[in-house]
Amino acid sequence: MPLVPAAELVRAAAAAGTGLGAFNVIHLETAEALVAASERAGLPVILQLSQNCADYHGALEPIGLATLAVARRAATPVAVHLDHAEREELVDEAIALGFGSVMFDGGALPYEENVAATARVTAKAHAAGVFVEGELGEVGGKDGAHAPGVRTDPAEAVAFVEATGVDALAVAVGSSHAMTDRTAALDLELIARLHEALPVPLVLHGSSGVADAEIARAIAAGMTKINVSTHLNGHFTRAVREFLAARPDIVDSRKYVREGREAVAVEAARMLRNFALTEG
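Basis of the calculations
- Residues numbered from 1 in each chain as written.
- Predicted model: local features only at pLDDT ≥ 70, side-chain atom pairs only at ≥ 80, totals over all residues.
- Heavy atoms only, no water.
- Buried < 20%, exposed > 50% of the residue type's maximum accessible area, 1.4 Å probe, protein only.
- Helix = DSSP H or I, 4+ residues; strand = E, 2+ residues; numbered from the N terminus.
- Pairing = 2+ DSSP bridges.
- Right-handed = clockwise from strand over helix to strand, strands pointing away.
- Salt bridge = Lys/Arg side-chain N within 4 Å of Asp/Glu carboxyl O.
- Axes fitted to C-alpha atoms, helices over the stretch in contact; angles between N-to-C directions.
- Parallel < 35°, antiparallel > 145°, perpendicular 65-115°, else oblique.
- Left-handed = near helix turned anticlockwise from the far one by under 90°.
- Contact = heavy atoms within 4.5 Å.
- Nonpolar A, V, L, I, M, F, W, Y, C, P; charged D, E, K, R; others polar.

Q: Go over the pairing of strand β5 (residues 131–135) with me, naming the residues and quoting the values.
A: In terms of residue burial, β5 counts as a mostly covered element, since 5 of its 5 residues are buried. For strand β4 (residues 101–104) and β5, the ladder comprises 3 bridges, and the chain directions are parallel. Looking at β5, one finds that S101 is bridged to F131. Where the polypeptide runs from β4 across helix α6 (residues 111–127) and back to β5, its parallel neighbour, the crossover connection is right-handed.

Q: Explain the pattern of salt bridges residue by residue, including any values.
A: Taken as a whole and assessed by the stated rule, the structure comprises 15 salt bridges. Residue R261 is joined to E32 by a salt bridge in which the shortest nitrogen-to-oxygen separation is 2.8 Å. Highlighted residues: R261 in helix α11 (residues 253–275) and E32 in helix α2 (residues 28–41), separated in sequence by 229 residues. Here E32 falls in the partly exposed class, since its relative accessible area comes to 28%. The partner of R254 in a salt bridge is D252, and the shortest N-O contact between them spans 3.0 Å. On the accessibility criterion, R254 (59% relative accessible area) is exposed. Linked by salt bridges that have partners in common, E88, D92, R120 and K124 make up one network.

Q: Can you explain the packing of α2 against α11? Please cite residues and give values.
A: For the pair α2 and α11, the least separation of the axes is 7 Å and the interaxial angle reads 40°. With respect to each other, α2 and α11 are oriented oblique. You can see that α2 and α11 cross each other, and the crossing is right-handed. When α2 is examined against α11, the residues E29, E32, A33, L34, A36, A37, S38, R40 and A41 are found in contact with a partner set consisting of V257, R261, E262, V264, A265, V266, A268, A269, L272 and R273. Considering only residue class, the contact of α2 with α11 consists of 12 nonpolar, 1 polar and 6 charged.

The following block contains the structure:
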């Protein structure tokens, strides 16, 4: 199965009214786990590399090329996406490497600056045939689009999409990044209003803090792309910790990292099935 553009996967899920899992790559083992999850579930997945991930690895190219290679070997449709890029040059690099989609995160910028920067990025990406996700934060950008209490205004969202030309929009509806408990309550009525008002698919960031049933309700209300990172990181770390506690003699890191990789594969497959509203 060749590498698939994220545009194809996102638009198909939006048309079907189902959710699509977009999971963050931390290192090569995460990418391998997420492709395994996709193959086990028989469902597509988006592998996301964030600006933080690129910075951790010292540059986007090494981890980006590795993730693209893993995706190309998948037996199921897999897309590779740049997540939360605040630097325009990082978007340019992702496009040059062969990423099929990018997210420019101007959510912390004042509204007019966000519009200008996002429109600039979108024009370059579209010229290369690349799908663009934007983010609309609080006016003034004080705490970003996913700070507690921030909500996306539907009228402003419509104006933002029209002004920037983005293909999908990350919206603030009650979730928050880096939550380790799944207790966030989403504004389902707002999701429905945004879905009705906007011509592009909606993206839910911070989904690690949202329970399965609440995510299902959000998808039914109109959410399409469901981003998860922290929740899967927790499964990886717990599996490694448990293995090392039981086997303190082990020094070969492959033996305990393998446990983390398998734990992510199991949970990611389960989440993909849930997002697609299938049994499992």
